Amino acid sequence: MTGTSVIFWIVALLTVGSAAAVVFSKNLIYSAVALLFSLLGVAGLYVFLWADFIAVTQILIYVGGILVLIIFGIMLTHRITNVQLSHSSIQQGVGGVIVLVIFGGLSAMILNAPWHRSPAMEPLGTVREIGRMLMIDYLLPFEVASILLLAALMGAALLSRKVD
């Protein structure tokens, strides 16, 4: 086993373990911190796929933006300590069976697929082409999306203000 394989398995186990901690944690703050590690692990997996632009985008948007908004939402919520957030559900058994069936089907597909193996070659210039498309070909939709996100952020800040 090479060093790259060891690092891959560490990142994969970190991602899956922290995702499980997000789901099974009864504390909302612990769940948000576990989500941080899960999102960073997904970005690490993107690096192993040579999708460097998507990895950086994952960190900037999901970790830097979405997760910070989730943590601010938790911190700004009034009386969060008095609310029972985790309720037991009578549907957990049915959900567990469905998850096991889906996991079994995916495992069977992965094990029975005829995988084509070829030597991996690093792609050339992924970021340059994406940057050219964002800043030249699709500049107007990119800017419209950024203005829309800015308006949504301002609306969220306005709605979270305490009204006297």
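These numbers come from a predicted model, not from an experiment.

Caption draft 1: Expanded view of the overall build of the chain. If you tally the helices and strands in the chain, you get six helices and zero strands. Listing the helices and strands of the chain from first to last along the sequence gives α-α-α-α-α-α. For a compact globule of 164 residues, the expected C-alpha radius of gyration is about 15 Å, and the chain comes in at 21 Å, more than 25% above that figure. Counting every position in the chain, which comprises 164 residues, the buried fraction comes to 11%. Put simply, of all contacts in the chain between residues at least 6 apart along the chain, 56% involve residues at least 24 apart. Surface accessibility of the chain: about 13400 Å² in total, with carbon and sulfur atoms responsible for 74%. Charged side chains of the chain number 7 positive and 6 negative; the gap between the two group centres comes to 16 Å.

Caption draft 2: Expanded view of the packing of helix α1 (residues 3-24) against helix α2 (residues 28-48). Running from amino to carboxyl end, α1 crosses α2 at an angle of 150°, the nearest separation of the two axes being 8 Å. With respect to α2, the axis of α1 lies roughly antiparallel. As α1 packs across α2, the resulting crossing turns out to be left-handed. Facing Thr4, Ile7, Phe8, Val11, Ala12, Leu14, Thr15, Ser18, Ala19, Ala21 and Val22 of α1, the residues of α2 in contact are Ser31, Ala34, Leu35, Phe37, Ser38, Gly41, Val42, Gly44, Leu45 and Phe48. Looking at the contact of α1 with α2 residue by residue, the class counts come to 14 nonpolar, seven polar and no charged.

Caption draft 3: Representation of α2. With 21 residues, α2 should reach 30 Å at 1.5 Å per residue; the first-to-last C-alpha distance of 30 Å fits that figure. Three or more residues of α2 are buried, namely Ser31, Ala32, Ala34, Ser38, Leu39, Gly41, Ala43 and Gly44. Summarising the contacts, the buried residues of α2 are in contact with α1 and α3 (52-76). Its side-chain oxygen at 3.1 Å from the backbone nitrogen of Ile29, Asn27 defines the N-terminal cap of α2.

Caption draft 4: Broad picture of the environment of Ala108. Structurally, Ala108 can be placed in helix α4 (residues 92-112). In the structure, Ala108 is positioned 94 residues away from Leu14 in sequence and 24 Å away in space, judged by C-alpha atoms.

Caption draft 5: Up close: the packing of aromatic side chains. Under the defined criterion, the tally for this structure stands at two aromatic pairs. Between Phe8 and Trp9, the ring centres sit 5.4 Å apart and the planes meet at 75°, which makes this aromatic pair edge-to-face. Judged by relative accessible area, which is 30%, Phe8 ranks as partly exposed. The class for Trp9 is partly exposed, based on a relative accessible area of 46%. Ring geometry for Phe8 versus Phe48: centroids 5.5 Å apart, planes at 85°, classification edge-to-face. Placement of Phe8 in helix α1 and of Phe48 in helix α2 is noted, with a sequence separation of 40 residues between them.

Rules used in this analysis
- Residues numbered from 1 in each chain as written.
- Predicted model: local features only at pLDDT ≥ 70, side-chain atom pairs only at ≥ 80, totals over all residues.
- Heavy atoms only, no water.
- Helix = DSSP H or I, 4+ residues; strand = E, 2+ residues; numbered from the N terminus.
- Rg over C-alpha atoms; globule rule 2.2 N^0.38 Å.
- Buried < 20%, exposed > 50% of the residue type's maximum accessible area, 1.4 Å probe, protein only.
- Contact = heavy atoms within 4.5 Å.
- Areas by Shrake-Rupley, 256 points an atom, 1.4 Å probe, with all protein chains shown as cover.
- Lys, Arg positive; Asp, Glu negative; His and termini not counted.
- Charge placed at Lys NZ, Arg CZ, Asp CG, Glu CD.
- Axes fitted to C-alpha atoms, helices over the stretch in contact; angles between N-to-C directions.
- Parallel < 35°, antiparallel > 145°, perpendicular 65-115°, else oblique.
- Left-handed = near helix turned anticlockwise from the far one by under 90°.
- Nonpolar A, V, L, I, M, F, W, Y, C, P; charged D, E, K, R; others polar.
- Expected span 1.5 Å × (residues − 1).
- Polar contact = N/O pair within 3.5 Å; in protein donor to acceptor, adjacent residues only side chain to side chain.
- Phe/Tyr/Trp six-rings, centres within 6.5 Å; stacked < 30°, edge-to-face > 60°.

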